[in-house]
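Structure assessment
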Amino acid sequence: MTLLHVSIAAADPARVARFVGGLLGGPALPFPPCPGAWIAFAAADEGTAVEVYPLDRRVAAGPDTVTFPEAPAEVGPVTTHLALGSPLSADAALALAGEEGWLARRCARGPFDCIEIWLEDRVLVEVLDAAMLADYRQGMTAARWRAMFGMGEGQP
């Protein structure tokens, strides 16, 4: 299985998409299906992307396809977060976040380390450089998760 794209909301979708595009090494472009939205692509250009919607838009099922109705703006921190493998070094990712003035720090998550970046100080992105990504791929398996938390094979 491969995660191809994800969407998040931002007060300034263009700014956030450009930042995420920088983390992914690719471009950020307008996302015409949703007014005011942008999309950030990974440099590999194999379809990996992050869609960034305005805070006052939602994704909804329309009569024939997805729609983007207006809704009350989301404010404050959200439960949605994502982890991104980045071609940047950890130091470069920290510097990029520092240029935006957003909270960014190195963190240990147990089976892997990451750079924790808070987009607009409300949406968490865990950024992994090449070494961190290698540790993530080794440590984030169902078997290792069960072992880390003392779960038996038959437990959900």
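Conventions we followed
Residues numbered from 1 in each chain as written. Predicted model: local features only at pLDDT ≥ 70, side-chain atom pairs only at ≥ 80, totals over all residues. Heavy atoms only, no water. Helix = DSSP H or I, 4+ residues; strand = E, 2+ residues; numbered from the N terminus. Buried < 20%, exposed > 50% of the residue type's maximum accessible area, 1.4 Å probe, protein only. Contact = heavy atoms within 4.5 Å. 1 Å grid on protein atoms, 1.4 Å probe; cavity = no way out; pocket = protein on both sides within 12 Å on 5 of 7 lines; lining within 4 Å. Points joined across faces, edges and corners; volume = space filled by probe spheres on them. Nonpolar A, V, L, I, M, F, W, Y, C, P; charged D, E, K, R; others polar. Salt bridge = Lys/Arg side-chain N within 4 Å of Asp/Glu carboxyl O. Lys, Arg positive; Asp, Glu negative; His and termini not counted. Polar contact = N/O pair within 3.5 Å; in protein donor to acceptor, adjacent residues only side chain to side chain.

Checked against the element boundaries, Cys34 lands in the loop between strand 2 (28-30) and strand 3 (38-41). Relative accessible area serves as the criterion here: at 1%, Cys34 is assigned to the buried category. For the pair Cys34 and Thr67, spaced 33 residues apart in the sequence, the C-alpha separation amounts to 7.9 Å. Apart from residues lying up to four places away in sequence, Cys34 is in contact with Tyr53, Pro54, Arg57 and Phe68.

Each pocket or cavity is described by its volume, and for the largest pocket that value is around 640 Å³. As for the largest pocket, its lining consists of 22 residues, and the residues nearest its centre are Leu3, Ala83, Leu84, Gly85 and Arg137. When residues of the lining of the largest pocket are traced back to their parent elements, those giving at least two are strand 1 (5-10), strand 4 (49-54), strand 7 (81-85) and helix 3 (130-139). Per-element tally for the lining of the largest pocket: the top contributor is strand 7, with 5 residues. As a volume, the second largest pocket reaches approximately 200 Å³. The greatest single-element share of the lining of the second largest pocket, amounting to 3 residues, is contributed by strand 1. Among the residues forming the lining of the second largest pocket, the class breakdown is 6 nonpolar, 2 polar and 3 charged.

Okay, the pattern of salt bridges next. Summed over all chains, the structure comprises 7 salt bridges. A salt bridge links Glu116 to Arg109; the nearest nitrogen and oxygen atoms lie 2.5 Å apart. Here the salt bridges do not stand alone but share partners, grouping Arg105, Arg109, Glu116 and Glu126 into one network.

Moving on to the side chain of Glu120. Here Glu120 lies in the loop between strand 9 (113-119) and strand 10 (123-128). Buried and unpaired, Glu120 has no salt bridge, with Arg122 as the nearest side chain of opposite charge at 4.5 Å. At 2.7 Å, the side chain of Glu120 and the backbone nitrogen of Ala11 are in polar contact. A polar side-chain atom of Glu120 sits 2.8 Å from the main-chain amide nitrogen of Asp12. Dropping the residues within four chain positions of it, Glu120 is found in contact with Ala10, Ala11, Asp12, Val16 and Trp102.

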